[in-house]
Amino acid sequence: MGILNTLLGKSNIKLKTYIEKDSVLLDFRTKKEFNQNHINSSINIPLQELNGRIKEMAKLNRPIVVYCASGVRSAMAVQIPTQNRLDAINGGSISKLRKAISD
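Just so we're clear, the structure is a prediction, and the values are computed from it rather than from any experiment.

Draft legend 1. How the structure looks around the pairing of strand β4 (residues 88-93). In terms of burial, β4 is a largely internal element, 5 of the 6 residues being buried. Pairing of strand β3 (residues 64-68) with β4 involves 5 bridges; the strand directions are parallel. In the strand pairing of β4, V65 is matched with I89.

So this is what it looks like as structure tokens:
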């Protein structure tokens, strides 16, 4: 279903909806990657710290869009907040998310 949604553009529509909801942008890359290049106002939670920071994410009390460099880490990582009943989606790569924000 994920591949079909992507091919049909449904994932982009959902991403735009989340951006319009004033979602929190969470960057799951390393601190070094984040410091080199990130989306303004995003929060860095490296993937290896994710499990220990669920309460911090819940306190944000806003929808969450997760991203990383290529979309691979965020695809894995989005499962953790959603399993903890947080409203989160995978925004994919930093370049995809930047494009969605600017469109």
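There is more to say after this.
Draft legend 2. Highlighting the sheet that holds β3. The 4 strands lie next to each other as β2-β1-β3-β4, forming an open sheet whose pairing is parallel. The strands lining the two open edges of the sheet, one partner per strand, are β2 (43-44) and β4. Against the sheet, helix α7 (residues 94-102) engages β1 (24-27), β3 and β4, with an angle of about 110° to β4.

Draft legend 3. Region of interest: the pattern of salt bridges. Per the counting criterion, the structure on display carries 7 salt bridges. In this structure, the salt-bridge partner of D22 is R62, at a minimum N-O distance of 3.6 Å. Here D22, found in the loop between α2 (10-20) and β1, pairs with R62, found in the loop between α4 (54-59) and β3; they are 40 residues apart in sequence, far enough to count as distant. In this structure, R53 and E56 form a salt bridge, with 2.8 Å as the shortest nitrogen-oxygen distance. On the basis of relative accessible area, R53 is assigned to the buried category, the value being 18%. Through salt bridges with shared partners, one network takes in K31, E49, R53 and E56.

Draft legend 4. Just the packing of aromatic side chains, in detail. If you walk through the whole model with that rule in mind, you get 0 aromatic pairs. The ring of Y18 carries K21 above its face, with NZ or CZ at 4.3 Å from the centroid.

Draft legend 5. The environment of I89, seen in detail. Assignment of secondary structure puts I89 in strand β4. Take I89: its relative accessible area is 8%, and that puts it in the buried class. A C-alpha to C-alpha distance of 9.1 Å links I89 and Y67, two positions 22 residues apart in sequence. Ignoring anything within four residues of it in the chain, the contact list for I89 reads K14, L15, Y18, I64, V65, V66 and V78.

Draft legend 6. Geometry of α7. Listed as buried for α7 are I94, L97 and A100. Relative to the axis of α7, the buried residues are bounded by an arc of 125° and lie together on one face. Opposite the packed face of α7, turned more than 90 degrees from it, sit the exposed residues S95, K99 and S102.

Draft legend 7. Region of interest: the side chain of R29. Residue placement: R29 occurs in the loop between β1 and α3 (31-36). Within the local environment of R29, its side chain forms a polar contact with the side chain of D27, the two groups lying 2.6 Å apart. A distance of 3.4 Å separates the side chain of R29 from the backbone oxygen of E33, its partner in a polar contact. What R29 contacts, discounting residues up to four positions off in sequence, is F34, N37, H38, N44, P46, Y67, C68, A69, R73 and I94.

Conventions and cut-offs
Residues numbered from 1 in each chain as written. Predicted model: local features only at pLDDT ≥ 70, side-chain atom pairs only at ≥ 80, totals over all residues. Heavy atoms only, no water. Buried < 20%, exposed > 50% of the residue type's maximum accessible area, 1.4 Å probe, protein only. Helix = DSSP H or I, 4+ residues; strand = E, 2+ residues; numbered from the N terminus. Pairing = 2+ DSSP bridges. Contact = heavy atoms within 4.5 Å. Axes fitted to C-alpha atoms, helices over the stretch in contact; angles between N-to-C directions. Salt bridge = Lys/Arg side-chain N within 4 Å of Asp/Glu carboxyl O. Phe/Tyr/Trp six-rings, centres within 6.5 Å; stacked < 30°, edge-to-face > 60°. Lys NZ or Arg CZ within 6 Å of the ring centre and 35° of its normal. Arc of directions from axis to C-beta. Polar contact = N/O pair within 3.5 Å; in protein donor to acceptor, adjacent residues only side chain to side chain.

No statement about biological role is implied by the geometric values presented.
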